2 protein chains.
Amino acid sequence: MDMDGPARDGTGTGTGGAGAGGTGAGLNAEIVCVGTELLLGETLNTHAAFLSQRLAEYGIDVYHHVTVGDNPARLEAALRQAAGRAGVVIVTGGLGPTGDDLTREAIARVTGRPLVLDAGVLEGIERYFAARGRSMAPGNRKQALFPAGSAILPNPNGTAPGFVLEWEGGRWFVALPGPPRELRPMVDGPLVPYLERWSRRAGGMRLVRRVLRVAGLGESEVEHRLADLFARQQRVTLATYARDGEVHLRLAAKVPLPPGAEPGGAPGRDPGAPAARAGASPSPEAAAASALAELEAVAAAIRQRLGIHVYGEDDQTLEAVVGELLRRRAETVAVAESCTAGRVADRLTAVPGSSAYFLAGVVAYANAAKVLALGVSPHDLAAHGAVSEVVARAMAAGVRRMFGAHWGVATTGIAGPGGGTPEKPVGTVYVAVAGPGGSRVERHRFLGDRDTVKTRSAQAALLLLYRALVEGLEAGNAGAGGPA
Amino acid sequence: MDMDGPARDGTGTGTGGAGAGGTGAGLNAEIVCVGTELLLGETLNTHAAFLSQRLAEYGIDVYHHVTVGDNPARLEAALRQAAGRAGVVIVTGGLGPTGDDLTREAIARVTGRPLVLDAGVLEGIERYFAARGRSMAPGNRKQALFPAGSAILPNPNGTAPGFVLEWEGGRWFVALPGPPRELRPMVDGPLVPYLERWSRRAGGMRLVRRVLRVAGLGESEVEHRLADLFARQQRVTLATYARDGEVHLRLAAKVPLPPGAEPGGAPGRDPGAPAARAGASPSPEAAAASALAELEAVAAAIRQRLGIHVYGEDDQTLEAVVGELLRRRAETVAVAESCTAGRVADRLTAVPGSSAYFLAGVVAYANAAKVLALGVSPHDLAAHGAVSEVVARAMAAGVRRMFGAHWGVATTGIAGPGGGTPEKPVGTVYVAVAGPGGSRVERHRFLGDRDTVKTRSAQAALLLLYRALVEGLEAGNAGAGGPA
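Residues numbered from 1 in each chain as written. Chains lettered and ligands numbered in written order. Predicted model: local features only at pLDDT ≥ 70, side-chain atom pairs only at ≥ 80, totals over all residues. Heavy atoms only, no water.

Points about the overall build of chain A
Consideration 1: Along chain A, the regular secondary structure elements total 18 helices and 17 strands.
Consideration 2: Per-residue burial for chain A yields a buried fraction of 55% across its 484 residues.
Consideration 3: A separation threshold of at least 6 residues defines the contact pool for chain A, and within that pool the share at least 24 residues apart is 71%.
Consideration 4: Surface exposure of chain A reaches about 17900 Å², of which carbon and sulfur atoms provide 55%. (Helix = DSSP H or I, 4+ residues; strand = E, 2+ residues; numbered from the N terminus. Buried < 20%, exposed > 50% of the residue type's maximum accessible area, 1.4 Å probe, protein only. Contact = heavy atoms within 4.5 Å. Areas by Shrake-Rupley, 256 points an atom, 1.4 Å probe, with all protein chains shown as cover.)

Next up, the structure:
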């Protein structure tokens, strides 16, 4: 259920009227990405998505992304078209020192503003090179040129500052450098006051998002359990996204932006903001509090429905949540991996400080290794096969015992493409956890290529450990094997 | 040295004249991506890069990427503009069963062709659902509608077939489904004859690429050693790309496409192809052979300069190359990982069939695990520390002995963010390999976050194993530690 119906409306993008974009209410934005490497497919365009997310968060609609190469005529035509249909045109790339970098010249031509040298910026570029023991190339001088009237966006991560230019009819051009590590801090730093200003002109609503991370339930099961919430959504919209054996449930609400200072101008309300709001009640502050409270209420309702399956929020990973549980209990874990072959250990140790609870792992790929390093019985291997409930349980118990850990986790399965049988087709995987007082096993069948089976199996193993930590070893559907 | 000068010219995109695009020589393409989720930044646009790469390979220039949402008026306007400036317009997305899926209707309106039901496709969609035990939703019926005159591109991976429509003036529309796992096989399968046809109309030159994968040398060192080849490049262009501790060196040459059959038409030369070529000499076949021979010659010269550092080509990974070396020698490997914590085992087992040579791994995170599972001496741990040449060597020898493998590989280091000291700062990593008759160790210092240090360390360990397999344990700069 990606982006169906209300979830789309909730963001305000896509189905509304095009609008002239130039002035007042309904201000929208267009993103123009510049670079022949994009048109050759040699660089993936991540700027369009990043900027669109930020603009959506500020309630600013985007109707077009356009990419052009380092060609003066096509760049200028794209900028003219964008300026004709969007109040804010954000241009990425083309600010470098070479003859192929044409953005500043193109914006100067479209707006009729001459390029002016900024002495302070030039000095900064000279310092940047001096600090690195290099001398400035002649081309870098042009990075200190800006269309007259531009406000400069400093770039601590490179030589090309960005700029913001307000020109006729309350329209704006923004120019940002191409490298992501330069562009992103600029957007989340010096561009913020402008985003807030445009947000007020776009209607003064900010989009607040919250992601609930759900594991152990499929996307359709999540939607089924929340069907009434999906049906009722109004101010808080819902959308689900399937991600590597998890479901991410996105809640979003539009929240009024408080009146704020203008960048480079007098503080107070934007003179271009819709006058209607002045007479509206409740106040923006009260409306924001009410919308945030509703977001919290919906999140709480979902947590109650889905229980333990909501393991985290926003950027929290399952391994970070498991790690935090272990740390709080001062317990340790060791892992025995066959089909995942190190993936579970790799994920558990992705968390800084994980050496406090992660002791060791054994990747027991060959059967001999399962016997030698984990104490699995050769008889069990012969009788049940390496991919079996008995062996999975023995691996988890074995690695726990060997390293004296509180918890042992194991995986054994057939990642493919070879090795499947009619009884145990490719994708058949057992995950097990052994702990104080017992063990718990699940059988799964994952579809997909070798890497997908490894990814899903590691996820299932971490999830089983998570459930054992929260519910205990006896609870839940041990041995039943749910879909991941 | 991404995309400077000749490398750009070599692809023919970006700096030429715009061209009307409709007919004959100079045919170009435009990519229109449809989906509100793209404008919200919730989905990264990977189609534009993928399609651009393919079009570049067929020598078809792309001057614009445009993204619009699920809005009928804006979609139609984007298609009309694209058709006005490009001979081939490729549209992605909007072929689904819902009311938001508008691509087929928009193309029908722009071309003036009515939508016609294809009974065979409808039957296929019904079968698709029946095979999955589900009943077809009413909306899926519209996925069997196509603008009159379209050729259908079958979709074995989903319900929405694509289509290709030739309309007035030799112009083309192509519609492809949004999900990448449906779009990509369609482009590399049923669309190929069309790409070849358009390639002939675009000038009949195909871009042939070859990637030489280089490990153990930095990007600037590679460029320094090949400086004269970079300076001399003409028909074969060179570009370097840094990738996770490797350098990928891309060679590209334009090669004439041989005259071929038209899809759905008579075989033979495209009537729209430039007539000039008939009188040109040498023949396309001879010119192609000459260009390919030059590509081979440049590749051979680079291999000779860089020697063992060129470990593979195109999509070959270092773990696949190492696996193939082990398989040919009928030898086995076991790994002992501390700071990489499973990443080396995970990569070695990414290769299908790796169970033939990969026996086992130990993730010895805690010092006790290094003693217990690998037989590292507690005295050495105390005297030298876990992150030391002595311990790395002992880990590699220990895991080799324990599992009876021909080769043992080990990593020990400080992934950070904590744990660094003035003598051993964060990023200090030892990698070791032990084999028949000895061992070899390298010390590295990697910069970057925890994941980067893990990634670079795993790469260094695999590279050391690769060098030991090719050069032997005594050769090279054992113990010296090069940059990765």
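Details of helix H6 (residues 119–131) of chain A
Residues and elements named next belong to chain A.
Consideration 1: For H6, built from 13 residues, the straight-helix expectation of 18 Å at 1.5 Å per residue is met to within 8% by its first-to-last C-alpha distance of 18 Å.
Consideration 2: Here H6 has its buried residues at Val121, Leu122, Ile125 and Phe129. The buried residues of H6 all sit within an arc of 105° when viewed along its axis, so they share a single face. Opposite the buried face of H6, at more than 90 degrees from it, the exposed residues are Ala119, Arg127, Ala130 and Ala131.
Consideration 3: The backbone nitrogen of Gly120 lies 3.0 Å from a side-chain oxygen of the residue at the head of H6, namely Asp118.
Consideration 4: At the exit of H6 stands Gly133, carrying a positive phi of roughly 70°. (Expected span 1.5 Å × (residues − 1). Arc of directions from axis to C-beta. Polar contact = N/O pair within 3.5 Å; in protein donor to acceptor, adjacent residues only side chain to side chain.)

Some words on the interface of chain B and chain A
Consideration 1: Taken together, the 70 residues of chain B in the interface contact 71 residues of chain A.
Consideration 2: Here chain B packs against chain A, burying approximately 5500 Å² in sum over the two surfaces, 54% of which is carbon and sulfur.
Consideration 3: Together, Leu40, Glu42 and Arg74 of chain B form the three largest contributors to the area buried by chain B at its contact with chain A, with a combined 13%.
Consideration 4: Run the count over chain B and chain A and you get eight salt bridges.
Consideration 5: Asp346 of chain A is the salt-bridge partner of Arg343 of chain B, the closest N and O atoms lying 2.4 Å from each other.
Consideration 6: Linking chain B with chain A are 31 residue pairs in polar contact (both at pLDDT 80 or more), by the criterion used here.
Consideration 7: A breakdown of the residues in the side of chain B that touches chain A according to their chemical character gives 32 nonpolar, 26 polar and 12 charged.
Consideration 8: Inspection of the sheet shows strand E2 (residues 61–68) of chain A paired to strand E2 (residues 61–68) of chain B by five bridges, in the antiparallel sense. Of the residues in E2 of chain B, the one forming a bridge with His65 of chain A is Thr67 of chain B. (Buried area = accessible area lost by both parts, 1.4 Å probe. Salt bridge = Lys/Arg side-chain N within 4 Å of Asp/Glu carboxyl O. Nonpolar A, V, L, I, M, F, W, Y, C, P; charged D, E, K, R; others polar. Pairing = 2+ DSSP bridges.)

A short note on the relation of the copies chain B and chain A
Consideration 1: Least-squares fitting of chain B to chain A yields an RMSD of 1.0 Å, with the transformation described by 0.9 Å of translation along the axis and a rotation of 179°. Here the two chains are linked by the operation of a two-fold rotation axis.
Consideration 2: Comparing interface residues between copies, 100% of those in chain B also sit at the interface in chain A, which points to an isologous, same-surface contact. (Least-squares fit on C-alpha atoms with pLDDT ≥ 70 in both.)

Re the sheet that holds strand E8 (residues 171–176) of chain B
Consideration 1: Judged by pairing direction, the sheet is mixed, and its 12 strands sit side by side in the order E6(A)-E7(A)-E8(A)-E3(A)-E1(A)-E2(A)-E2(B)-E1(B)-E3(B)-E8(B)-E7(B)-E6(B) without closing on themselves. Edge positions in the sheet fall to strand E6 (151–153) of chain A together with strand E6 (151–153) of chain B, since each has one partner strand and no second. Neighbour-to-neighbour, the strand axes of this sheet turn through a mean angle of 15°, independent of strand direction.
Consideration 2: One ladder, built from three bridges, connects E6 of chain B with strand E7 (residues 162–167) of chain B; its direction is antiparallel. Bridging across to E7 of chain B, Leu153 of chain B finds its partner in Gly162 of chain B.
Consideration 3: The strands that helix H4 (residues 72–85) of chain A touches are strand E1 (28–34), E2, strand E3 (88–92), strand E7 (162–167) and strand E8 (171–176) of chain A together with E2 of chain B; relative to E1 of chain A, the one it contacts most, it runs at about 170°. (Axes fitted to C-alpha atoms, helices over the stretch in contact; angles between N-to-C directions.)

A look at the pairing of strand E16 (residues 428–435) of chain A
Residue and element names in this part refer to chain A.
Consideration 1: Of all eight residues in E16, eight are buried; the element is thus mostly enclosed.
Consideration 2: Covered by surrounding structure in E16 are Thr428, Tyr430, Ala432 and Ala434 together with Val429, Val431, Val433 and Gly435, the residues of both alternating faces.
Consideration 3: Pairing between strand E15 (residues 407–413) and E16: six bridges, direction antiparallel. Of the residues in E16, the one forming a bridge with Thr412 is Tyr430.
Consideration 4: Relative to strand E17 (residues 438–445), E16 is paired through eight bridges, and the arrangement is antiparallel.

Side note on the pairing of E2 of chain B
Residue and element names in this part refer to chain B.
Consideration 1: The element E2 is largely enclosed, with a buried count of eight among its eight residues.
Consideration 2: Direction of pairing for strand E1 (residues 28–34) relative to E2: parallel, over a ladder of seven bridges. Note that in E2 the partner of Glu30 across the bridge is His64.

A word on the environment of Tyr430 of chain B
All names here are of chain B.
Consideration 1: Topologically, Tyr430 is positioned in strand E16 (residues 428–435).
Consideration 2: In this structure the C-alpha to C-alpha distance between Tyr430 and Ala392, which are 38 residues apart in sequence, comes to 6.2 Å.
Consideration 3: Looking at Tyr430, its side chain comes within polar contact range of the side chain of Arg443, at 2.9 Å.

Side note on the pattern of salt bridges
Consideration 1: What the rule picks out here adds up to 59 salt bridges over all chains.
Consideration 2: Arg80 of chain B is paired through a salt bridge with Glu76 of chain B; the nearest N and O atoms lie 2.7 Å apart. Pair noted here: Arg80 of chain B and Glu76 of chain B are both in helix H4 (residues 72–85), with a separation of four residues, about one helical turn.
Consideration 3: Where salt bridges share partners, they join Glu42 of chain A together with Arg54, Glu57, Asp188, Arg209 and Arg250 of chain B into one cluster.

Concerning the environment of Pro352 of chain A
Consideration 1: Its place among the elements puts Pro352 of chain A in the loop between helix H14 (343–348) and strand E14 (358–364).
Consideration 2: The class for Pro352 of chain A is partly exposed, based on a relative accessible area of 43%.
Consideration 3: C-alpha separation for the pair Pro352 of chain A and Gly323 of chain A, spaced 29 residues apart in sequence, amounts to 9.8 Å.
Consideration 4: Residues in contact with Pro352 of chain A, not counting those within four places in the same chain, are Arg327 of chain A together with Pro417 and Arg450 of chain B.

A closer look at the confidence of the model for chain A
All names here are of chain A.
Consideration 1: With 88% of its residues at a pLDDT of 70 or more, chain A shows a mean pLDDT of 87.
Consideration 2: Taken as a whole, residues 1–24 scores under 50 in pLDDT and shows 74 contacts with residues more than four places along the chain or in a different chain.
Consideration 3: For residues 477–484, every residue scores under 50 in pLDDT, and the model assigns this stretch 15 contacts once sequence neighbours within four places are set aside. (pLDDT = per-residue confidence, 0-100.)

Considering empty space enclosed by the protein
Regions of empty space are outlined by a rolling probe, equal in size to a water molecule, passed over the atoms.
Consideration 1: One pass over the structure, following the stated rule, counts three cavities of 30 Å³ or more.
Consideration 2: Lining of the largest cavity is provided by Asn45, Ala48, His65, Val66 and Thr67 of chain A together with Asn45, Ala48, His65 and Thr67 of chain B.
Consideration 3: Mapped onto the lining of the largest cavity, the elements with two or more residues apiece are E2 of chain A together with E2 of chain B.
Consideration 4: Top contributing element to the lining of the largest cavity by residue count: E2 of chain A, with three residues.
Consideration 5: Across the lining of the largest cavity, the residue classes tally to three nonpolar, six polar and no charged.
Consideration 6: In this structure, the second largest cavity encloses a volume near 50 Å³.
Consideration 7: Residue lining of the second largest cavity: Leu38, Thr43, Leu44, Asn45 and Thr67 of chain A together with Asn45, Ala48, Ala49 and His65 of chain B, and that is the complete set.
Consideration 8: When its residues are assigned to classes, the lining of the second largest cavity shows four nonpolar, five polar and no charged. (1 Å grid on protein atoms, 1.4 Å probe; cavity = no way out; pocket = protein on both sides within 12 Å on 5 of 7 lines; lining within 4 Å. Points joined across faces, edges and corners; volume = space filled by probe spheres on them.)

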